[in-house]
Amino acid sequence: MYVLRYVFISFVLFILIYTLASQFYSPLDPAYPLHPNPFPSDKPKPRLSLSTGNRFRIGIFSDLHYGEDEATFGPEQDRKSTDVIGKLLDFETPDFVIINGDFITGENTFLENSTKYVDQIVSPMVEKNYRWASTYGNHDTQYNLSREALFLEDSKYDLSYTRHSPKGVSGVTNYWLPIYRTPSPASYLSSSDRPVSILWFFDSLGGERFQRWGLGRWMPNYVPPSAVKWFLSERQKIEERWGVVPSLAFVHIPPTPFLRLQKKKMPSRGDKDVHFPGLNDDVPVANQGEGRWGEPDRAFVRALKSTKGLHSIYSGHDHGNSWCGTWDEKNKEEEDEAKKQNPFLCFVKHTGYGGYGSWNRGSRVVELQFGDEDIGSTMEVGTWIQMENGDVVQNVNLNATYGTDIYPIEDGED
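What counts, and at which threshold
Residues numbered from 1 in each chain as written. Predicted model: local features only at pLDDT ≥ 70, side-chain atom pairs only at ≥ 80, totals over all residues. Heavy atoms only, no water. Pairing = 2+ DSSP bridges. Helix = DSSP H or I, 4+ residues; strand = E, 2+ residues; numbered from the N terminus. Contact = heavy atoms within 4.5 Å. Axes fitted to C-alpha atoms, helices over the stretch in contact; angles between N-to-C directions. Core = buried A, V, L, I, M, F, W, Y, C linked by side-chain atoms within 4.5 Å. Buried < 20%, exposed > 50% of the residue type's maximum accessible area, 1.4 Å probe, protein only. pLDDT = per-residue confidence, 0-100. Parallel < 35°, antiparallel > 145°, perpendicular 65-115°, else oblique. Left-handed = near helix turned anticlockwise from the far one by under 90°.

## Overview of the sheet that holds strand S6 (residues 197-202)
Line of reasoning, step 1. A sheet is described by the order of its strands in space; here seven strands give the open sequence S1-S5-S6-S7-S8-S10-S9, paired in mixed fashion. Taken across any chain shown, the strands that pair with only one partner, and hence form the sheet edges, are strand S1 (48-49) and strand S9 (324-326).
Line of reasoning, step 2. Pairing of strand S8 (residues 310-315) with strand S10 (residues 344-347) involves four bridges; the strand directions are parallel. Looking at S10, one finds that Tyr 314 is bridged to Cys 346.
Line of reasoning, step 3. Helix H6 (residues 256-265) rests against S8, S9 and S10 of the sheet, and its axis sits at about 90° to S10.

## Points about the sheet that holds strand S12 (residues 379-387)
Line of reasoning, step 1. The strand order S4-S3-S2-S11-S12-S13 describes an open sheet built from six strands, whose pairing is mixed. Unpaired on one side and paired on the other, strand S4 (132-135) and strand S13 (392-397) mark the two borders of the sheet. On average, each strand axis in the sheet is tilted by 20° relative to the strand beside it, whichever way the strands run.
Line of reasoning, step 2. Bridge count for strand S2 (residues 55-61) against strand S3 (residues 96-100) is four bridges, and the pairing is parallel. Residue pairing for S3: Ile 60 is matched across the bridge by Ile 98.
Line of reasoning, step 3. Relative to the sheet, helix H3 (residues 117-128) contacts S2, S3 and S4, its axis offset from that of S3 by approximately 175°.

## Remarks on the nonpolar core
Line of reasoning, step 1. Phe 202 and Tyr 314 are the most contacted members of the largest nonpolar core, which has 63 residues in total.
Line of reasoning, step 2. It is helix H5 (residues 225-242) that contributes the most residues to this core, six residues altogether.
Line of reasoning, step 3. The residues touching Tyr 314, leaving out its near neighbours within four places in the chain, are Ile 60, Asn 100, Leu 248, Ala 249, Phe 250, Val 251, Cys 346, Val 348, Arg 364, Val 366, Val 381 and Leu 398.
Line of reasoning, step 4. Of all hydrophobic cores here, the second largest spans 26 residues; its members include Leu 89, Phe 103, Ile 104 and Ile 121.

## Notes on the pairing of S10
Line of reasoning, step 1. Taking every second residue as pointing to the same face, both faces of S10 are buried, with Phe 344 and Cys 346 on one and Leu 345 and Phe 347 on the other.
Line of reasoning, step 2. Both S9 and S10 contribute to a ladder of three bridges, which runs antiparallel. Opposite Gly 325, over in S10, you have Leu 345 as the bridge partner.

## Things to note about the confidence of the model for the chain
Line of reasoning, step 1. Averaged over every residue, the pLDDT of the chain is 85; the share at 70 or more is 81%.
Line of reasoning, step 2. Low pLDDT, under 50, characterises residues 6-32; the predicted model gives this stretch 30 contacts beyond four residues in sequence or across chains.
Line of reasoning, step 3. Within the model, the stretch residues 334-339 combines pLDDT values under 50 with five contacts to residues more than four positions away or in other chains.

## As for the side chain of Glu 92
Line of reasoning, step 1. Along the chain, Glu 92 turns up in helix H2 (residues 74-92).
Line of reasoning, step 2. Judged by relative accessible area, Glu 92 falls into the buried class, the value being 7%.
Line of reasoning, step 3. Among all residues touching Glu 92, those that are not within four sequence positions of it are Arg 57, Val 365, Trp 384, Gln 386 and Val 392.

## As for the packing of H5 against helix H7 (residues 298-305)
Line of reasoning, step 1. Closest axis-to-axis distance for the H5/H7 pair is 10 Å, and the angle between their directions is 15°. The pairing of H5 with H7 is recorded here as roughly parallel in orientation. As for the relative orientation of H5 and H7, their crossing is left-handed in sense. Contacts between H5 and H7 involve Val 228, Phe 231, Leu 232 and Arg 235 from the first element and Ala 299, Phe 300, Ala 303 and Leu 304 from the second.

So this is what it looks like as structure tokens:
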């Protein structure tokens, strides 16, 4: 009897460990080549490049949450979200759009039409001819909605620059895009044609597995080790090819340093700080790995922190937060590095009329400014929140003095 019980328990533990491990550790593509041209030759796309004045403006839409309650308030809510997107595009005329997760409230949708909301979401970009790229959020994988199906619907558009994770990397939206100074030459392959910036995209997973019930249906809610391994590999190859390239990172669920910063600077709901203007109503931050033991995103955080040239990280998920802060933490090795600048930590802005909360809607806008070509690829970054009503708040410069500079206390709610 005891032997049978031991065998049974061992078998159950083996299945459990195997299931959990398979979520994170997939066989990586051994070649793992660096692709200066992110898109295959059969689907060529124009290069992302600077606009007049050596600028590149990014409009970020997040937490749209289409597809809630189709029988009652949902369709009108979605119409209002589409109107918001159109208005924000007209206000800002960005060079590029990023949809930073939670396209759809997948738990409210039906299998037969769950991905069709993508067509409604991107319709303002298609109509007005704006290019975009996406990360996916925790509500974008549910019983009737899969990330894979979402990607197929997203990427069918010529204007979509969303890429799929390489083989063996968990999650769908782990990829990078280069921004070049000019739209030509047509070839991405010239080693002398160095990008002025890199946009990194990460899939923080979360939600429920497609068409799964019972044990194992919940996905981990943080960037997994296989994606971290891919990131470190790509980062090294980029540096070997082009040197240190200034970069930005986009991920739906905020990494743990967002939580630690909030606890230190703005620990209570509604706290306002003249050094970090913005809405601070979601306390505590719902960070990656929330509800799990320890800090499961530690490897991802370490990789971000050690990335030379990484300027700032942008997350959504918390509809009631829209501030930018400084990542002040130093480890022992960094104490010897004079004035080492960690990446800035920025919440974006709840854009859609779906999802929780009644805060005013808007979009975080990020503008990259580069010097003349003979000066080099120094990158300055300004950011602000464009509100649905036309107001602009939280206009700040993310530079060496951010965190000590004083700004008007604005959150778009007054």
